[in-house]
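Coordinate inspection notes
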Amino acid sequence: MPTLTDLARGLTPLTDADVEWLHALVSDWQLLADLSFADLVLWAPLLTRSGWVALAQMRPTTGPTALYDDMVGTVAAAGERPFVDAAHAEQRICREGDPEWTHGVPVRRESIPVTRAGRVIAVIERSTNLSSARTPSRLELTYLKGADDLAQMIAALVRSPRVGDGLLRLGGSGKVSYASPNALSAYRRLGLSADLVGAELGPLTAQLCAPDQPSDDSLMVTASGRAPRETEVEGNGSVVQLRSIPLVVGGLRTGALILVRDVTELRRRERELMTKDATIREIHHRVKNNLQTVAALLRLQARRLSGPEAKEALEEAVRRVGSIAIVHETLSHTPEEIVDFDDIAERVAAMAGELSAPEARVTPVVSGRFGLLPAAVATPLALVLTELLQNALQHGLAHAPVATPAGTLKVIVHRVPAGLTVTVEDSGVGLPEGFRLDGATSLGLQIVRTLVVSELGGRLEISPRAGGGTAVRVALPLEPPASPAEGSQEPDNPG
């Protein structure tokens with residue numbers, strides 16, 4: 001399906017600036033379709049000036065469609081769309097003539113010129129299905145009158161919303177001339193007891209604001225319809241969103257349309273989520289503090305022991321608790337259960353180097369990027385990395401011959417969308433003869449194997465390193481990043 005840009009650049013004389021102007025128009029022209037109860041088709045002249053090509057199409061959500069077929073890409077010769085020809089040549093809205101019968105349905109057609117820099121660059125054809133014609137209600141008459149005003153200022157119809165839960169029509173003085181039932185209900189929730197019609201909306205809305213809420217300078221401007229703005233009013237336990245569309249015809253402001261939407265439930269849910277996020281972060285902060293307290297107690301206990309094995313066991317426990325505390329500290333500063341593991345890896349590596357035996361003579365180096373990881377992966381992975389680094393320092397590099405130069409200890413990371421591979425390499429004494437992973441009795445390796453295989457569903461491999469030493473490879477599956485969901489939009493009900 002060709003896009004507006006493809007069609008405009010390939011078939012029309014429109015400039016890039018013209019195309020951007022039309023993009024801004026059609027990105028929000030649902031409002032005009034809904035207020036008109038009509039289909040809209042955007043026609044642009046062909047390069048040869050011998051006809052028209054349909055660049056875009058919009059159907060109404062407030063009434064039946066008049067165009068059952070997709071019109072985008074359709075080419076019409078000159079004369080086939082007389083109203084389009086006339087609107088382009090005469091630079092005016094053309095709506096004369098009797099309804100046409102299309103597919104057995106009466107359709108009224110109008111054409112609205114789209115001007116930019118004093119010239120007509122395209123024409124909007126508005127087609128209304130008259131099959132369900134009846135005496136219109138006050139709401140529908142207000143919609144149609146607003147649509148006519150918008151049609152006259154169509155070149156300025158940019159970034160306007162769709163018809164929402166309610167609609168207010170203001171006169172030139174800022175007083176309400178019509179209020180839809182839904183708009184009136186929204187103001188009732190704010191605490192209004194009188195009628196809206198005849199009231200000056202700006203001062204009335206300001207009086208309904210909660211007294212403890214800070215004043216919004218844009219409120220009076222928006223509620224009076226003097227500028228195209230958006231604001232929210234909070235009062236009486238409710239939150240109402242106002243969006244103003246000034247109506248300017250012939251250079252004079254004739255009034256405004258105010259779209260009203262009750263967003264109380266939406267804002268309540270947002271506040272609940274903010275409270276929940278803050279609570280989760282506070283929990284992580286307290287867990288981190290508790291773990292650090294546990295580590296401090298273990299460290300104090302280790303200092304009171306004289307037996308080297310018991311002292312070493314407590315020091316290892318301190319390192320394990322410390323690595324988990326680092327993850328919770330990181331989570332306490334993030335709004336989601338997602339952490340940047342690169343920072344954690346650097347801190348774990350630095351901690352392992354600081355607490356290693358002096359004879360190891362090496363500081364771990366991390367290359368590659370872990371990226372963002374969920375907390376369910378980050379916590380066990382931090383502990384795995386701590387164990388592997390400590391094992392390499394304590395059993396590999398610490399026992400290297402004294403005459404050898406300072407060894408190397410690297411953490412090599414390779415991240416792909418579906419997985420993560422972490423390799424820890426050291427230039428130490430290497431694996432003992434006849435080493436088998438499934439027969440290892442080391443507590444550290446047992447912890448690593450349990451976390452990698454059982455908890456994270458990954459693979460663990462330990463092998464001699466080329467050139468001497470040991471290489472430990474951890475391969476973990478990761479959930480691929482979710483693609484942004486297509487935002488579904490429900491039709492707006494007029495009200």
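Predicted model, so just to flag it, every value in this text is computed and none were measured.

Cut-offs applied
- Residues numbered from 1 in each chain as written.
- Predicted model: local features only at pLDDT ≥ 70, side-chain atom pairs only at ≥ 80, totals over all residues.
- Heavy atoms only, no water.
- Pairing = 2+ DSSP bridges.
- Helix = DSSP H or I, 4+ residues; strand = E, 2+ residues; numbered from the N terminus.
- Axes fitted to C-alpha atoms, helices over the stretch in contact; angles between N-to-C directions.
- Contact = heavy atoms within 4.5 Å.
- Parallel < 35°, antiparallel > 145°, perpendicular 65-115°, else oblique.
- Left-handed = near helix turned anticlockwise from the far one by under 90°.
- Nonpolar A, V, L, I, M, F, W, Y, C, P; charged D, E, K, R; others polar.
- Core = buried A, V, L, I, M, F, W, Y, C linked by side-chain atoms within 4.5 Å.
- Buried < 20%, exposed > 50% of the residue type's maximum accessible area, 1.4 Å probe, protein only.
- Salt bridge = Lys/Arg side-chain N within 4 Å of Asp/Glu carboxyl O.
- Arc of directions from axis to C-beta.
- Expected span 1.5 Å × (residues − 1).
- pLDDT = per-residue confidence, 0-100.

Attention shifts here to the sheet that holds strand E18 (residues 470-477). Two orientations exist for strands paired in a sheet by backbone hydrogen bonds: parallel and antiparallel. Read from one edge of the open sheet, five strands run E13-E15-E16-E18-E17, paired in mixed fashion. The sheet is open, and its two edges are formed by strand E13 (365-367) and strand E17 (459-464), each paired on a single side. This sheet shows a mean twist of 15° between the axes of neighbouring strands, independent of strand direction. Note: strand E15 (residues 409-416) against strand E16 (residues 419-426), eight bridges, orientation antiparallel. Looking at the pairing, Val416 lines up with Gly419 of E16. Set on the sheet, helix H13 (residues 443-455) makes contact with E17 and E18; between it and E17 the angle comes to about 140°.

It is worth spelling out unusual backbone geometry at this point. Although it is not a glycine, Arg49 sits at a positive phi angle of roughly 60°. Topologically, Arg49 is positioned in the loop between strand E1 (39-45) and strand E2 (51-58). Unlike most non-glycine residues, Asn236 shows phi in positive territory, near 60°. With respect to the secondary-structure elements, Asn236 resides in the loop between strand E9 (230-235) and strand E10 (238-249).

With that out of the way, let us pick up the packing of helix H1 (residues 4-11) against helix H2 (residues 16-26). As a packed pair, H1 and H2 sit with axes 10 Å apart at the nearest point and diverge in direction by 150°. The orientation of H1 with respect to H2, classified from their angle, is roughly antiparallel. Of the two possible hands of crossing, H1 and H2 adopt the one that is right-handed. Contacts from Leu4, Thr5, Ala8 and Arg9 in H1 reach Asp16, Val19, Leu22, His23 and Val26 in H2. When its residues are assigned to classes, the contact of H1 with H2 shows five nonpolar, two polar and two charged.

As judged from the six bridges shared by E17 and E18, these two strands associate in the antiparallel manner. Paired with Ser463 across the two strands is Ala471, which belongs to E18. Adjacent in sequence and paired antiparallel, E17 and E18 are bridged by five residues, among which Gly467 carries a positive phi angle near 90°.

Below, the discussion takes up the nonpolar core. Counting residues in hydrophobic clusters, the biggest one holds 44 residues, and the most contacted among them are Phe341, Phe370, Leu389 and Val411. If one sorts the elements of this core by residue count, helix H12 (residues 375-397) sits on top with 12 residues. For Val411, the contacting residues outside a window of four places in its chain are Val365, Val366, Ser367, Phe370, Leu385, Leu389, Val422, Thr423 and Val424. Counting residues in hydrophobic clusters, the runner-up holds 24 residues, among them Ala33, Ala56, Ala122 and Ile124.

Quick look at the pattern of salt bridges now. As enumerated under the stated definition, the model contains 13 salt bridges in all. We note a salt bridge from Asp18 to Arg119, for which the minimum N-O separation is 2.7 Å. Taken together, the residues span a long stretch of sequence, with Asp18 in helix H2 and Arg119 in strand E6 (residues 119-129) at a distance of 101 residues. Here Glu461 ties to Arg473 by a salt bridge, and the two come within 3.8 Å at their closest N and O atoms. Pair noted here: Glu461 is in strand E17 and Arg473 is in strand E18, with a separation of 12 residues, a long-range link. On the basis of relative accessibility, which here comes to 39%, the residue Glu461 falls in the partly exposed class. Residues joined by salt bridges that share partners form a network here, namely Asp18, Arg116 and Arg119.

The next thing to look at is helix H4 (residues 82-90). Listing the buried residues of H4 in full gives Val84, Ala86 and Ala87. The buried residues of H4 all sit within an arc of 165° when viewed along its axis, so they share a single face. Exposed residues lying more than 90 degrees from the buried face of H4 are Pro82 and Ala89. Phi turns positive one or two residues past the end of H4, at Gln91, with a value near 50°.

Side chains three or four residues apart in an α-helix point the same way, a direct result of the helix having 3.6 residues per turn. A rise of 1.5 Å per residue sets the reference length of H13, with its 13 residues, at 18 Å; its end C-alpha atoms lie 17 Å apart and thus fit the reference within 8%. Those residues of H13 that sit buried are Gly444, Leu445, Ile447, Val448, Leu451 and Val452. Taken end-on, H13 shows its buried residues confined to a sector of 160°, consistent with a single buried face. Downstream of H13 by one or two residues, Gly457 has phi in the positive range, about 70°.

Here we come to the confidence of the model for the chain. Looking at the chain as a whole, the pLDDT averages 77, with 80% of positions reaching at least 70. Contacts of residues 155-164 to residues separated by more than four positions or lying in other chains number 36 contacts, the stretch itself having pLDDT below 50. Throughout residues 481-494 the model reports pLDDT below 50, and contacts reaching past four residues in sequence, or to other chains, amount to 13 contacts.

The buried fraction of E18 is high, at six of eight residues. For E16 and E18, the ladder comprises eight bridges, and the chain directions are antiparallel. Of the residues in E18, the one forming a bridge with Thr423 is Arg473.

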